[in-house]
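The lines below spell out each chain.
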Amino acid sequence: MPYLTKQDNKNFELYYEDFGSGQPIILIHGWPLSGKSWELQVSVLLDLGYRVITYDRKGFGKSSPTLEGYDYDNLASDLHELITQLELKNVILFGFSMGGGEVVRYLTNYGSENVDKIALISSIIPLVKQKDDNPHGVSEEELYGILTSLKTDRVTFLESFHKNFYNYGLLSQKVSQKQLDYDWSIASCASPIATIKCAESWANTDFRPELVNVNVKTLIVHGDDDQIVPIETAGRQAAEGIADNDFVIIEGGPHGLNVTHAELLNETLTKFLTNN
């Protein structure tokens, strides 16, 4: 199994999977899952002729945890290390949910010279938290409740969180119980430290000033029924602030639309990649 060791931290190993050939696409997963969450997209992208790379954020999946380094500068540095050590050129970056932050911070800190295009899917970009100038965001009280639950009863919280991920309820069951169990098994095995500190990062980072740094062709995909990261605080604002973008709204799409609306998402990604 391939692991990458960061040059500035010999004790830290980043797990990645690298398949195919051609132009590289890096898939950056959401919180609190792992690279496995891209399962329904990987084969489609491989069939299109791309080299597809997934990796587990530090402290998640098979990547080792650290005590610190969960702010977006450090997370973007991990992505940069992956690109550098694998000697990737003209990369395409796909960021799901929290992963959108790594994509935008990468462009801010390292520029777009080596980036062809990006996709932000159910992304936190540009801002999750409700503020006076961001009235549609998630309230500070709700975010505090998430962090408190993570610190006091993490594994129970994760069970309910993944139901909200897919808008799963008595009258709406867009995924199976086995899918919920699978997600829980991945999320519950992640480092508690990484889970909490990454939540602090995605909840509190304001990327609005950085949208100007997104100067490559961009696909924005968001569900209009996203109960985790509402479309008004994320997708719509991203579409307004990024110069060159295609904004696709998935009607009835929850946060986890990469599973519930996989076929539609894959068609959207294919069109974005193949239309010059």
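These numbers come from a predicted model, not from an experiment. (Residues numbered from 1 in each chain as written. Predicted model: local features only at pLDDT ≥ 70, side-chain atom pairs only at ≥ 80, totals over all residues. Heavy atoms only, no water.)

*Asks:* How should I be thinking about the packing of aromatic side chains in this particular structure?
*Replies:* How two aromatic rings sit relative to each other is given by the distance of their centres and the angle of their planes. Scanning all chains against the criterion turns up 10 aromatic pairs. Arranged with centres 5.3 Å apart and planes meeting at 65 degrees, the rings of W31 and W202 form a pair that is edge-to-face. In this pair, W31 is assigned in the loop between β3 (24-28) and α1 (39-47) and W202 in helix α6 (residues 192-204), connecting sequence segments 171 residues apart. The burial state of W31 is the same as that of W202; both residues are buried. Between F165 and Y166 the ring centres are 5.3 Å apart and the planes differ by 75 degrees, which places this aromatic pair in the edge-to-face class. The exposure classification of F165 matches that of Y166, with both residues buried. (Phe/Tyr/Trp six-rings, centres within 6.5 Å; stacked < 30°, edge-to-face > 60°. Helix = DSSP H or I, 4+ residues; strand = E, 2+ residues; numbered from the N terminus. Buried < 20%, exposed > 50% of the residue type's maximum accessible area, 1.4 Å probe, protein only.)

*Asks:* Which parts of the structure should I look at to understand the pattern of salt bridges?
*Replies:* Where charged atoms of side chains with opposite charge meet at close range, the side chains can pair. If you walk through the whole model with that rule in mind, you get 12 salt bridges. With its nearest N and O atoms 3.3 Å apart, the salt bridge here joins D133 to R208. Within this pair, whereas D133 is found in the loop between β6 (115-121) and α4 (140-165), its partner R208 is found in the loop between α6 and β7 (217-223), the two being separated by 75 residues in sequence. Two residues, K217 and D244, come together in a salt bridge whose shortest N-O distance is 3.3 Å. Taken as a pair, K217 in strand β7 and D244 in the loop between α7 (235-241) and β8 (245-250) lie far apart in primary sequence, 27 residues in all. Where salt bridges share partners, they join K131, D133, D206 and R208 into one cluster. (Salt bridge = Lys/Arg side-chain N within 4 Å of Asp/Glu carboxyl O.)

*Asks:* I keep staring at the sheet that holds β8 and nothing clicks. Help me out?
*Replies:* Here we have eight strands laid out as an open sheet, ordered β1-β2-β4-β3-β5-β6-β7-β8, and mixed in their pairing. Taken across any chain shown, the strands that pair with only one partner, and hence form the sheet edges, are β1 (3-5) and β8. Each strand of the sheet is rotated relative to its neighbour by a mean of 20 degrees, with strand direction disregarded. Where α1 meets the sheet, it contacts β2 (13-19), β3, β4 (51-55) and β5 (91-96), and its direction lies at approximately 155 degrees from that of β4. The strands touched by helix α3 (residues 99-110) within the sheet are β3, β4, β5 and β6, with β5 carrying the most contacts at an inclination of about 140 degrees. (Pairing = 2+ DSSP bridges. Axes fitted to C-alpha atoms, helices over the stretch in contact; angles between N-to-C directions. Contact = heavy atoms within 4.5 Å.)

*Asks:* Looking at this model, I keep getting lost on the side chain of K58. Mind explaining?
*Replies:* You can see K58 is positioned in the loop between β4 and α2 (72-85). Relative accessible area serves as the criterion here: at 5%, K58 is assigned to the buried category. Within the structure, K58 has its side chain in polar contact with the backbone oxygen of G69 (distance 3.0 Å). Once you skip the residues sitting within four places of it in the chain, K58 turns out to touch F12, L14, S63, S64, T66, E68, G69, Y70, N74, L75, D78 and A194. (Polar contact = N/O pair within 3.5 Å; in protein donor to acceptor, adjacent residues only side chain to side chain.)

*Asks:* What exactly am I supposed to notice about α4 here?
*Replies:* Helical geometry: 3.6 residues make up each α-helical turn, so side chains three or four residues apart lie on a common side. With 26 residues, α4 should cover 38 Å at 1.5 Å per step; its first-to-last C-alpha distance of 19 Å lies more than 12% under that length. All of the buried residues along α4 are L143, I146, L147, L150, R154, F157, L158, F161, H162 and F165. Contact partners of the buried residues in α4: β5, α5 (177-188) and α6. Positioned one or two residues after α4, N167 has a phi angle of 55 degrees, which is positive. (Expected span 1.5 Å × (residues − 1).)

*Asks:* What is the right way to look at unusual backbone geometry in this model?
*Replies:* Note on backbone geometry: most residues besides glycine have negative phi, and most peptide bonds are trans. Between W31 and P32 the backbone carries a cis peptide bond, its omega angle lying at 0 degrees. Cis rather than trans, the peptide bond between I125 and P126 has omega equal to 5 degrees. Here P126 is to be found in the loop between β6 and α4. Even without being glycine, N90 reaches a positive phi, approximately 55 degrees. With respect to the helices and strands, the residue N90 is situated in the loop between α2 and β5.

*Asks:* So what exactly am I meant to see when it comes to α3 here?
*Replies:* Helix length check: α3, at 12 residues, gives a terminal C-alpha distance of 16 Å against a target of 16 Å (1.5 Å per residue), a fit within 8%. Judged by how many residues are buried, α3 sits mostly within the fold: nine of 12 residues are covered. Buried residues belonging to α3 abut β3, β4, α2, β5 and β6. In the stretch just after α3, G111 is the one whose phi turns positive, near 80 degrees.

*Asks:* Could you clarify how one ought to interpret the pairing of β8 in this entry?
*Replies:* It is a general feature of regular strands that their side chains alternate between the two faces of the sheet. Looking at chain direction, β7 and β8 are connected through six bridges and run parallel. Residue T218 lies in a different strand from β8, and its bridge partner there is N245. For the crossover that starts at β7, traverses α7 and ends in the parallel β8, the hand is right-handed. (Right-handed = clockwise from strand over helix to strand, strands pointing away.)

*Asks:* Sorry if this is basic, but what is going on with the pairing of β6 here?
*Replies:* β6 sits mainly inside the fold: six of its seven residues count as buried. Here β5 pairs with β6 via six bridges, running parallel. Looking across to β6, one finds that G95 is bridged to L120. Read from β5 through α3 to β6, the crossover connection turns out right-handed. Note that β6 and β7 share five bridges and pair parallel.

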